[in-house]
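As a plain string of letters, each chain reads:
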Amino acid sequence: MSNYFSMEAFDYDDIQLVPNKGIIKSRSEADTSVKLGNRTFKLPVVPANMESVINDNLAIWLAQNGYYYVMHRFQPEKRLNFIKMMHQKGLFASISVGIKDSEYDFIDKLVSEGITPEYITIDVAHGHSVFVIKMIKYIKSKLPDSFLTAGNIATPEAVRELENAGADATKVGVGPGKACITKLKTGFGTGGWQLAALRMCSKVASKPIIADGGIRHNGDIAKSVRFGATMVMIGSMLAGHEESPGNVIKIDGKTYKQYWGSASEVQKGAYRNVEGKQMLVDYRGSIADTLTEMQEDLQSAISYAGGKTLSSIKLVDYVIVKSSIFNGDK
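The sections below set out a description of the structure shown in this document. (Residues numbered from 1 in each chain as written. Predicted model: local features only at pLDDT ≥ 70, side-chain atom pairs only at ≥ 80, totals over all residues. Heavy atoms only, no water.)

**Considering helix α2 (residues 79–88)**
In an α-helix, one full turn covers 3.6 residues, which means residues spaced three or four apart are oriented alike. Formally: With a 1.4 Å probe rolled over the protein chains alone, any residue whose accessible area is under 20% of its type maximum counts as buried; one over 50% counts as exposed, and the rest are partly exposed. By the criteria applied, helices consist of DSSP H or I runs no shorter than four residues and strands consist of E runs no shorter than two, each listed in order from the N terminus. In what follows, residue pairs with any heavy atoms lying within 4.5 Å of each other are defined as contacts.
Buried within α2 are the following residues: Arg 79, Leu 80, Phe 82, Ile 83, Met 85 and Met 86. For α2, the secondary structure elements touched by its buried residues are α1 (56–64), β5 (94–97) and α3 (101–112). The first or second residue beyond α2 is Gly 90, which carries a positive phi of 75 degrees.

Right, here's the structure in full:
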């Protein structure tokens, strides 16, 4: 059994990256694009596959504008038509599945109709599971051309097992999200040490990793890339936009939108095995503006890293500016 206790635990706020000598005149020269599967996307950023973050209209806009997306799995009856709609528009289809018996029937339905979504994500709270491994093997045997991401996981052992089962990428992060209370409800997860977990997992990964959760600032995207992420999944910072699902609420003249976790009572429709909560996030206008700001900040990060592409960030030194090992909740 791995001795994680001896590992240096740290999270995003504990780390600062160290600048290298710059080689570009303007940050606009920096290339933030990233390849995942057979496609190249503008940014290593993907909105969380949560019902409070992504819907059909936003998925269409993201695909049309060169961004990666993952549709949530909470309206399973609509997934087949969603794939068909995206393909009819000449866009890629990226969906989520679970591990219930009915999901095997859904995969069989896709095969029988000759429909292959370009991306499939197995979306399970505890992805290091014999049932997730079984689903990976089933999907890859039936739809080998789909790029398959599996998660969520937290350990190098999980990365190895899911990759060996056939996953094309793994999703790392158990409970670090803003709307997640897994560590409070269960005592488990990567809340408070998500960046260290990403570092551990990336050391054994031979395929892309999607870092999921814990992002609070744009600079955290660069930190994720430094510690091994190919793509960064973001929830609360990409909720609250004009295009986001959720109701607009005004309180004392200030505008908010609803945001809730996938394991919340709101999502489940009942208070049962709840590991998430609902909250209000500031209304942020158009998501296009936020994504542009993320891109500009990432271009600046590439400049500080002394390179021209995202890969340069992976090579920079870093310092731990404070230790979170025994500091308790942050």
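**Remarks on unusual backbone geometry**
In this model, Gly 151 is joined to Asn 152 through a cis peptide bond whose omega is 10 degrees. Note that Asn 152 resides in strand β7 (residues 147–153). One non-glycine residue, Asp 252, adopts positive backbone phi at about 50 degrees. With respect to the helices and strands, the residue Asp 252 is situated in the loop between β11 (248–251) and β12 (254–260). A residue is classified by how much of its surface remains accessible, and Asp 252, at 82% relative accessible area, is exposed.

**Quick notes on the pairing of strand β8 (residues 169–172)**
Spelled out, the test is: Strands qualify as paired when DSSP identifies two bridges or more between them. Whether a crossover is right-handed depends on one test, that the path from the first strand over the helix to the second runs clockwise when the strands point away from the viewer.
Burial along β8 is two-sided: the residues Ala 169 and Lys 171 and Thr 170 and Val 172 are all buried. In terms of strand pairing, β7 meets β8 through four bridges, oriented parallel. Looking across to β8, one finds that Ala 150 is bridged to Thr 170. Handedness of the β7-helix α5 (residues 156–165)-β8 crossover: right-handed. Judged from the three bridges that link them, β8 and strand β9 (residues 209–212) form a sheet pairing that is parallel. Considered in β9, the bridge of Thr 170 is made with Ile 209.

Shape is all these values report; function is a separate question.
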